[in-house]
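Here is how the chains run, residue by residue.
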Amino acid sequence: MAFNHLPAGVHDALAPLSVTPVTHSVPMAKNHRSDRSPADAASRPSPGTVLHRLASGPSRSARITHTEHLPPRAGRHAVWPDRIRAEVVAAVQAAGIDHPWAHQALAAEHALDGDSVIVATGTASGKSLAYLVPVMSALLDGSEAPNGRGSTTLYLAPTKALAADQCRSVKELSQPLGNAVRPAVYDGDTPFEEREWIRQYANYVLTNPDMLHRGILPSHPRWSSFLKSLTYVVIDECHTYRGVFGSHVAQVLRRLRRLCARYGASPVFLLASATAAEPSVAARRLTGLPVVEVADDASPRGELVFALWEPPLTELHGERGAPVRRTATAETADLLTDLTVQGVRSVAFVRSRRGAELISVITQERLAEIDRSLPRRVAAYRGGYLPEERRALERALHSGELLGLAATTALELGVDVSGLDAVLIAGYPGTRASLWQQAGRAGRSGQGALAVLVARDDPLDTFLVHHPEALFDQPVESTVLDPDNPYVLAPHLCAAAAEIPLTDADLELFGPACAELLPQLEAAKLLRRRTRAWHWTRRERAADLTDIRGAGGTPVQVVEAGTGRLLGTVDAGAAHSTVHEGAVHLHQGRTYLVRSLDLKDSVALVEQADPPYSTVARDTTSISVLDTDIEVPWGAGRLCYGSVEVTNQVVSFLRRRVITGEVLGESKLDLPPRTLRTRAVWWTVTEDQLDEARINPEILGGSLHAAEHASIGMLPLFATCDRWDIGGVSVPLHPDTLLPTVFVYDGHPGGAGFAERAFHTARDWLAATREAIAACECDAGCPSCVQSPKCGNGNEPLHKRGAVRLLTTLLRGAPREPGAGQAPEADGAPGPEQAPGAEEPPGAEEPPEGGQVPVPERTPAPGGKPRPQSAPGSVGVRAAGPAEAVPQDPPAP
């Protein structure tokens, strides 16, 4: 997170882009050198000029469906609270920042008062400085204690890159304070010889939730001197802690608070978030504490030009002869090429690791045809790289050596990339919060910026580029998490008991679900009650019971067969669909073919190759209803929410030509099935409703299938999820409901809240789905409406008009009162999709069942209808996501 301040005198160069010059500020770290001189900055083209150049080619202008102009905004200054140490104020002023923005001063005031506070302001609004000033003041006070460490601070970042960037920035800012502030990064990349020094002497430790969960809390006696002096806990980019991951982090923070209390500390929590709805509510759910909200952004902002870009239709035809648009990957590579040639410093955000590699490779190839010196100035940045590779890329980006970068969300977060002119977003990132976060990466030094959202060929992206009001006139979403999920809570109760035996006094901290879970954990012989406390009974580490990223299992090592060189790792949940035998694997621009996948030893052997295709896995899925918690009449049909069991097996993979997506062939695979117990929303229709919609048996399967595809594609507009977080099944006659049924389920054990959110917004969600299908110009269905990129049934059968009639009839019976498909906001998280028989489960990060702590199913809500476990439902096929199925790039602990 950068400070968003400029050196005095530089503001004059930005006059064409700003109404009010911004003064009295500098970039946070002086080593963030730009390869541009002030004279170059003065001649920098405006965002509108850059966009005009991009759209000037043949047919290019028609691809822009909407342009939004956000005017510049003047900043509002304040003064630091009197209680901030004068030396700290002087250090900040030495960095060129004479006065804070008003929201920075207010947040510091709350921190000094001992109030936990969340700063939820725009990208590059200086959130880092808001918490760093009170933190450095406290550390300076603590440095005068007899042991030199009377106050400590723990900083949590969701990615290693952000923690490393913040450490560099803190060292630079605190340099005038000498050794009073001693920052150090403690994560999986930290050399073992440095770890003991950090535990004993560092007073500002930067880490991630994974390392806190697996490394620090289980070894708390070795951290006792640090924990007993813990004054502040900083949680950066806290809006990323949503869904199952956010629920795990919430329990990790409760374990941290419990240990701090044991050592006599009660730290204040300082949270930084992108703009979000109800940030204080989300922060309270995350930390378990009351949190004050600071959301009035007083920082200045340069002009932002935001364009919505729809790639053109090609002459190619897809499945069932449907028209095919040019891929967002190819279109983004073209735009990144053009920006690099113009000397415009840019980053292209891509939703997958594979996509980032592809865009980088295509851009480099096209640049080589223009100027052989340019390809080296473009690179890919994603998770899964080795630590030294990530650090080298970060240095090249900061120095200006790189002009263009294709990045996953590993760079979306607050890494300071001052000096960028443009951001390309290859596909809607899933939430409006992420969209604005990515768009805000450009213009971080206060200059004007260009953002371009390049639509993918799917229902949601197509809907958004033709309905800009859904992006620009709507507030960002609420952060959704569910700490009481029993699949989340149970392993953390075990971990807490291993740290310090659990007592009745601890139950309030971990929530009301504890009372129900503890006897189950005793019965499973994981915990044992002795006198007044529960104790961990096993020899193995309790923290290893769960992966807080929801991936589950040991990461699969990708090894080059000829040399034995470790190329990187793949999450266990993604291995079946991304590094199966015959899969194409990309790493640092080089292409490899997977020779074998050893699931027992978690090793994939690869060899370098240059195939003209990519691979996409397909799998079969069955679903059965376990419990129906809520059932609401929708006319003669029903809308339901409850627990289901999903069985999924990767059975084959397709080979697709890279640029066109043309299917070259299919190969069978022999991989074991995986079972998932999760939460789902489903709806049924009766025979009378089918007659009313003129749906005969010949088109019933295709109508259900098309409605299911489109509804999954539209759900991210109503829940803070990604299409790859959810799965679905559509069945003409399901054995549990005995009716035609469409399911949409969460792709995480125990559920993540997305299906619950879908249930409570069902009327609006399904109405938008119907509109998206009906408004599409195609005749029989295409990827922009009802075809799915991961359909294992090959998008067969589909009946577009039948889906519209079916949804119209269903919506006529939709109730309008809250609780029946249009209820108040519900706390929850994400959900995948399927066809007539099942076919679209969640993406490649779906956690395997193995290693789960045995916990009971959720107790049905009042009025719910428990059902006996039934036979597996109908079976179908879908295409599991390739690396596209990986929406985040978490750091390994």
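Everything quoted here is computed from the prediction, not taken from an experiment.

Undergrad: What exactly am I supposed to notice about the overall build of the protein chain here?
TA: A tally of regular secondary structure across the protein chain gives 26 helices and 32 strands. Buried residues in the protein chain amount to 64% of all 893 residues. Just so you have it, the protein chain exposes about 30,900 Å², and 51% of that area is on carbon and sulfur atoms.

Undergrad: What's the story with the sheet that holds strand E12 (residues 346–350) in this structure? I'm lost.
TA: Each strand in a sheet pairs with its neighbour through backbone hydrogen bonds, running either in the same direction (parallel) or in the opposite one (antiparallel). One open sheet holds the seven strands; their spatial order is E1-E9-E16-E15-E12-E14-E13, and the pairing between them is mixed. Edge positions in the open sheet fall to strand E1 (64–70) and strand E13 (378–381), since each of these has one partner strand only. When the angles between neighbouring strand axes are averaged without regard to direction, this sheet yields 15°. Sheet analysis places strand E15 (residues 422–426) next to strand E16 (residues 449–454), joined by five bridges and oriented parallel.

Undergrad: How should the confidence of the model for the protein chain be read in this particular structure?
TA: Counting all residues, the mean pLDDT for the protein chain is 82, and 82% of those residues have values of 70 or more. Predicted confidence is poor over residues 1–42, with pLDDT under 50, and the contacts of this stretch with residues over four places away or in other chains come to 110 contacts.

Undergrad: When you look at the environment of Phe-472 in this model, what are you seeing that I'm missing?
TA: Residue position: Phe-472 is located in helix H17 (residues 469–472). Considering only alpha carbons, one finds Phe-472 and Phe-306, 166 residues apart in sequence, at a separation of 9.8 Å. Contact partners of Phe-472, with chain neighbours within four places excluded, come to His-66, Glu-68, Phe-306, Leu-308 and Trp-436.

Undergrad: What am I meant to see in the packing of helix H10 (residues 243–262) against helix H18 (residues 486–499) here?
TA: Each packed pair of helices is defined by two parameters, the angle between the axes and the distance between the axes. The N-to-C vectors of H10 and H18 enclose an angle of 20°; their axes lie 10 Å apart at closest approach. With respect to each other, H10 and H18 are oriented roughly parallel. Pair H10 / H18 crosses with right-handed handedness. Contact residues: H10 offers Val-244, Ser-247, His-248, Gln-251, Val-252, Arg-255, Arg-258 and Leu-259, while H18 offers Val-488, Leu-489, His-492, Ala-495, Ala-496 and Glu-499. Considering only residue class, the contact of H10 with H18 consists of seven nonpolar, four polar and three charged.

Undergrad: Teacher, can you tell me more about the side chain of Ser-151 here?
TA: Tracing the backbone through its elements, the reader meets Ser-151 in the loop between helix H5 (127–142) and strand E3 (152–156). At 2.7 Å, the side chain of Ser-151 forms a polar contact with the side chain of Thr-231. Those residues in contact with Ser-151, other than ones at most four positions away along the chain, are Ala-138, Leu-139, Gly-142, Asn-203, Ser-229 and Thr-231.

Undergrad: Looking at this model, I keep getting lost on the packing of helix H8 (residues 209–216) against H10. Mind explaining?
TA: H10 packs onto H8 with a crossing angle of 50° between their chain directions and a minimal axis gap of 10 Å. Relative to H10, the element H8 is oriented oblique. Seen along the crossing, H8 lies across H10 with a hand that is left-handed. Only Val-249, Val-252, Arg-255 and Leu-256 of H10 make contact with H8, whose side of the interface consists of Pro-209, Leu-212 and His-213.

Undergrad: Is there a simple way to explain helix H7 (residues 192–201) in this structure?
TA: Along an α-helix, residues three or four apart share an orientation, since each turn contains 3.6 residues. Listed in full, the buried residues belonging to H7 are Arg-195, Ile-198 and Arg-199. Considered in projection along H7, the buried side chains sweep an arc of 95° and stay on one side of the axis. Where the residues of H7 are buried, they touch strand E4 (183–185), strand E5 (204–207), H8 and helix H9 (224–228).

Undergrad: What's the story with the pattern of salt bridges in this structure? I'm lost.
TA: Where side chains of opposite charge bring their charged atoms close, a pairing between them can arise. Under the defined criterion, the tally for this structure stands at 31 salt bridges. Linking Asp-189 and Lys-160 is a salt bridge whose minimum nitrogen-to-oxygen distance equals 3.2 Å. Taken together, the positions of Asp-189 in the loop between E4 and H7 and Lys-160 in helix H6 (residues 160–173) put the pair 29 residues apart, joining distant regions of the chain. Here Asp-189 falls in the partly exposed class, since its relative accessible area comes to 23%. The exposure class assigned to Lys-160 is buried, which follows from its relative accessible area of 8%. Close ionic contact of Asp-504 with Arg-529 constitutes a salt bridge, the shortest N to O distance being 3.5 Å. Pair noted here: Asp-504 is in the loop between strand E17 (502–503) and helix H19 (507–510) and Arg-529 is in strand E18 (residues 527–530), with a separation of 25 residues, a long-range link. Of the residues examined, Asp-504 reaches a relative accessible area of 46% and is grouped as partly exposed. A relative accessible area of 35% means that Arg-529 is categorised as partly exposed. One salt-bridge network, in which partners are shared between bridges, spans Arg-63, Arg-326, Glu-331, Asp-334 and Arg-366.

Undergrad: How do you make sense of the packing of aromatic side chains when you look at a structure like this?
TA: The geometry of two aromatic rings is summed up by the distance between their centres and the angle between their planes. Counting across every chain of the model gives eleven aromatic pairs. Note on Tyr-131 and Tyr-155: the rings are 6.3 Å apart at their centroids and 45° apart in plane angle, and the pair reads as tilted. Taken together, the positions of Tyr-131 in helix H5 and Tyr-155 in strand E3 put the pair 24 residues apart, joining distant regions of the chain. Residue Tyr-131 is classed as buried on the basis of its relative accessible area, which comes to 3%. According to the relative accessible area criterion, Tyr-155 is buried, its value standing at 0%. In textbook terms, an aromatic cluster arises when at least three aromatic residues are bridged by ring pairs, as seen for Tyr-131, Tyr-155 and Tyr-204. Positioned above the aromatic ring of Tyr-186, the side-chain terminus of Arg-195 is 5.5 Å from the ring centre.

Undergrad: What am I meant to see in the pairing of strand E20 (residues 556–560) here?
TA: One face of the sheet, then the other: side chains in a regular strand alternate in exactly this way. With respect to burial, E20 is a largely interior element, four of its five residues being buried. Sheet topology places E20 next to strand E21 (residues 566–570); four bridges connect them, and they run antiparallel. Considered in E21, the bridge of Val-558 is made with Gly-568. Taken together, E20 and the strand that follows it, E21, pair antiparallel across an intervening segment of five residues, in which Gly-564 is found at a positive phi of about 80°. Across four bridges, the pairing between E20 and strand E24 (residues 603–608) is parallel.

Undergrad: Hey, could you run me through the nonpolar core in this one?
TA: Most often, soluble globular proteins keep nonpolar side chains buried together rather than apart. Grouped together as the largest cluster of nonpolar side chains are 85 residues, with contacts concentrated most on Phe-306, Trp-634, Trp-683, Leu-715 and Trp-765. Looking at this core element by element, the count peaks at eight residues for helix H23 (residues 697–714). In contact with Trp-683, other than residues within four places in its own chain, are Arg-638, Leu-639, Leu-704, Ala-707, Pro-740, Thr-741, Val-742, Leu-766, Leu-806, Leu-807 and Leu-810. Among the nonpolar cores identified, the runner-up in size contains 42 residues, and Val-117, Val-135, Met-136 and Leu-140 belong to it.

Undergrad: Would you explain the sheet that holds strand E23 (residues 590–598) in this entry?
TA: As summarised here, the arrangement of the five strands in space is E21-E20-E24-E23-E22, forming an open sheet in which the pairing is mixed. Here the strands that pair on one side only, and so sit at the sheet edges, are E21 and strand E22 (584–587). Adjacent strand axes in the sheet meet at a mean angle of 35° when their direction is disregarded. Where E22 and E23 come together, four bridges link them in antiparallel fashion. If you follow His-585 over to E23, its bridge partner there is Tyr-592.

The rules we used
Residues numbered from 1 in each chain as written. Predicted model: local features only at pLDDT ≥ 70, side-chain atom pairs only at ≥ 80, totals over all residues. Heavy atoms only, no water. Helix = DSSP H or I, 4+ residues; strand = E, 2+ residues; numbered from the N terminus. Buried < 20%, exposed > 50% of the residue type's maximum accessible area, 1.4 Å probe, protein only. Areas by Shrake-Rupley, 256 points an atom, 1.4 Å probe, with all protein chains shown as cover. Pairing = 2+ DSSP bridges. Axes fitted to C-alpha atoms, helices over the stretch in contact; angles between N-to-C directions. pLDDT = per-residue confidence, 0-100. Contact = heavy atoms within 4.5 Å. Parallel < 35°, antiparallel > 145°, perpendicular 65-115°, else oblique. Left-handed = near helix turned anticlockwise from the far one by under 90°. Nonpolar A, V, L, I, M, F, W, Y, C, P; charged D, E, K, R; others polar. Polar contact = N/O pair within 3.5 Å; in protein donor to acceptor, adjacent residues only side chain to side chain. Arc of directions from axis to C-beta. Salt bridge = Lys/Arg side-chain N within 4 Å of Asp/Glu carboxyl O. Phe/Tyr/Trp six-rings, centres within 6.5 Å; stacked < 30°, edge-to-face > 60°. Lys NZ or Arg CZ within 6 Å of the ring centre and 35° of its normal. Core = buried A, V, L, I, M, F, W, Y, C linked by side-chain atoms within 4.5 Å.

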